[in-house]
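# Results of the structural survey
Spelled out, the chains give:
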Amino acid sequence: MANFPADSVFICEAAQVSTDNPITHRYRFLLLTLVVERKSGVIVDAEINSICNLTTKFVQDLMIGYSLRIDLQHIIDDIRSRYYGESSKSLVYALNACAKKFLLLYPLSDTTKPNLR
């Protein structure tokens, strides 16, 4: 059982993948889930619905410990320069969608409660 920080939130986004991608045959789309500390935006855990466990481990290595607030471009650059899986573009799309959702819910000015407007 994972013990996440009390100020962490769960963010989830999906992205389409190409029809010849193995993920399409099993899941229909790529799903990226992140556990993120509200104040810092640091990713404390990450998972994707990959076919191979090694893929999830590698994605975790690219994301965990980095902040959606200040390191987003670094994570994207790492994905583009190190992740050569079929779903790299979908992974970047899902990451951007997660970051957008997180930053809309928890802008820097108020990290205690979600902005649900």
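Position numbers for residues start from 1 in each chain and track the written sequence from start to end. In view of the model being predicted, local features appear only for residues whose pLDDT reaches at least 70, and side-chain atom pairs are presented and counted only at 80 or more, with totals across whole chains, interfaces and linings using the full set of residues. Computation of side-chain values: all heavy atoms of the structure, hydrogens and water removed.

### Digging into the environment of leucine 31
Within the secondary structure, leucine 31 sits in strand E2 (residues 29-37). For leucine 31, a relative accessible area of 27% translates into the label partly exposed. Sequence separation of leucine 31 and alanine 14 is 17 residues, and the distance between their C-alpha atoms is 4.4 Å. The helix count covers DSSP runs of H or I at least four residues long, the strand count covers runs of E at least two residues long, and both are numbered beginning at the N terminus. Burial classification: accessible surface area is computed with a 1.4 Å probe over protein chains only, and a residue below 20% of its type maximum counts as buried, one above 50% as exposed, and the rest as partly exposed.

### Overview of the packing of aromatic side chains
Between 30 and 60 degrees the pair is tilted, below 30 it is stacked and above 60 it is edge-to-face, where a pair is any two Phe, Tyr or Trp rings, Trp via its six-membered ring, whose centres lie within 6.5 Å. As enumerated under the stated definition, the model contains 1 aromatic pair in all. Aromatic side chains phenylalanine 102 and tyrosine 106 sit 5.8 Å apart centroid to centroid with 35 degrees between the ring planes, which places their arrangement in the tilted category. With a relative accessible area of 0%, phenylalanine 102 lands in the buried category. Given a relative accessible area of 6%, tyrosine 106 falls into the buried group.

### Quick word on the sheet that holds strand E1 (residues 8-16)
Strands were regarded as paired on the criterion that DSSP finds at least two bridges between them. The 3 strands are arranged E1-E2-E3 in an open sheet whose pairing can be described as antiparallel. The open sheet has two edge strands with one neighbour each: E1 and strand E3 (43-48). Across the sheet, the axes of successive neighbouring strands diverge by a mean angle of 15 degrees, strand direction being ignored. The sheet strands contacting helix H4 (residues 88-105) are E1, E2 and E3, and the helix crosses E1 at an angle near 140 degrees. Interaxial angle, 0 to 180 degrees, is taken between N-to-C directions of lines fitted to C-alpha atoms, where a helix line uses only the stretch in contact. Contact criterion: two residues are considered in contact whenever any of their non-hydrogen atoms come within 4.5 Å of each other.

### Comments concerning the nonpolar core
Here, the term nonpolar core denotes a set of buried Ala, Val, Leu, Ile, Met, Phe, Trp, Tyr and Cys residues that are joined through side-chain atoms within 4.5 Å. Judged by nonpolar contacts, the single largest core of 29 residues is most densely connected at Leu32, Leu34, Met63, Leu68, Ile79, Leu91 and Leu95. For this core, the elements supplying multiple residues, two or more each, are E1, E2, E3, helix H2 (53-63), helix H3 (72-82) and H4. For this core, the element with the highest residue contribution is H4, accounting for 8 residues. In this structure, isoleucine 79 is in contact with Leu62, Met63, Ser88, Leu91, Val92 and Leu95, ignoring residues within four places of it in sequence.

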